[in-house]
Amino acid sequence: MRKIAAVSITTGKFVAGIVIAILVSSAVSVGFSMMLAIGPEGPQGETGATGATGLQGPKGDIGATGPAGATGATGATGATGLQGPKGDKGDTGATGATGPPGPEGERGFGMPQQGNISIGYSEFIPSYNNEMVKYDEIFGRGLLNLAGSKITFIAPVQLPHGAKITNGTFYFYDNDDDFFIFYFGRSNQTYGDTIGNTDNFPGLDTPGYDHVSFSSINHAIVDNNNYYYWLWIVFPASSISYLYYRFQYALIEYEFPA
Ligand SMILES: [Ca+2]
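Residues numbered from 1 in each chain as written. Predicted model: local features only at pLDDT ≥ 70, side-chain atom pairs only at ≥ 80, totals over all residues. Heavy atoms only, no water.

Glancing now at the pattern of salt bridges. Per the stated rule, a full pass over the model turns up 2 salt bridges. Close ionic contact of Lys150 with Asp178 constitutes a salt bridge, the shortest N to O distance being 2.9 Å. Taken as a pair, Lys150 in the loop between β4 (142-145) and β5 (151-157) and Asp178 in the loop between β6 (164-174) and β7 (181-187) lie far apart in primary sequence, 28 residues in all. Its relative accessible area of 43% is what places Lys150 among the partly exposed residues. (Salt bridge = Lys/Arg side-chain N within 4 Å of Asp/Glu carboxyl O. Helix = DSSP H or I, 4+ residues; strand = E, 2+ residues; numbered from the N terminus. Buried < 20%, exposed > 50% of the residue type's maximum accessible area, 1.4 Å probe, protein only.)

What follows concerns the side chain of Thr169. You can see Thr169 is positioned in strand β6. By relative accessible area, which is 5% here, Thr169 ends up buried. Separated by 2.7 Å, the side chains of Thr169 and Ser213 make a polar contact. (Polar contact = N/O pair within 3.5 Å; in protein donor to acceptor, adjacent residues only side chain to side chain.)

Now for the environment of Phe201. With respect to the helices, strands and loops of the structure, Phe201 is situated in the loop between β8 (192-199) and β9 (208-213). A residue is classified by how much of its surface remains accessible, and Phe201, at 55% relative accessible area, is exposed. Residues Phe201 and Asp177 lie 24 residues apart in sequence; the distance between their C-alpha atoms is 9.2 Å.

Residue Phe201 is joined to Pro202 through a cis peptide bond whose omega torsion reads 15°. Here Pro202 lies in the loop between β8 and β9. With phi around 50°, His219 is a residue other than glycine that occupies positive phi space. What makes His219 partly exposed here is its relative accessible area of 38%.

This next bit is on the confidence of the model for the chain. Residues at a pLDDT of 70 or more form 81% of the chain, whose mean pLDDT is 83. Considering each helix and strand of the chain separately, the mean pLDDT is smallest for helix α1 (residues 11-34), with a value of 54, and largest for β7, with 98. Confidence over residues 1-7 falls short of pLDDT 50; this stretch has 0 contacts with residues more than four positions distant or in other chains. For residues 28-35, every residue scores under 50 in pLDDT, and the model assigns this stretch 0 contacts once sequence neighbours within four places are set aside. (pLDDT = per-residue confidence, 0-100. Contact = heavy atoms within 4.5 Å.)

Listed below in structure tokens is the structure:
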């Protein structure tokens, strides 16, 4: 149920209200009388000039950060560094096994290789088996001839193939007026050659021990493929004593050419 509010007005407000009412009533009457005296309204004035340009606006915000740049190119290769220091010497290795012998080298220059062989009296045999001989066992006597006439003796000689024969010497005892003849030769199945020969002719030489050598050599290169080699002695006989002629040994010398 709506209740009507009680109105309470002060005296001051009441008086002011009366005054305002009087003034309004007076103004309305004045205005009404003036409206009867004013003419029609004039034309509108011209548009005013454009106002001054406003102030520049504030600076905008900082823009966003740009994208990162491209990766730079690869740099040039640097200079070669200094050589390092030399390393220490290594330990000595173990001694290796002995290898097989190498091939024989060529013969060098210089002195020729020399050699010789001796052929003692006991190597000799008589050329005819019915001749009387004696191999005297007493030192220095050697081969003796007991036949009373000249007989011949022969002995083999072994020399290295390819050697060059340089000399031959025969050692004997002669105490009578006959003499020895010595031969050195080679033979094969059909013929033979004399390599050297010598003697102690004329036989009136000073009695005693002596020796003689070849004056020249033929067929000096030893060829064992085609020959065998021999010594041959023509042994004199003494009418006085078989001890007056004795043969001891021969010496054959050779060399390999340089
Ligand atoms: Ca003599």
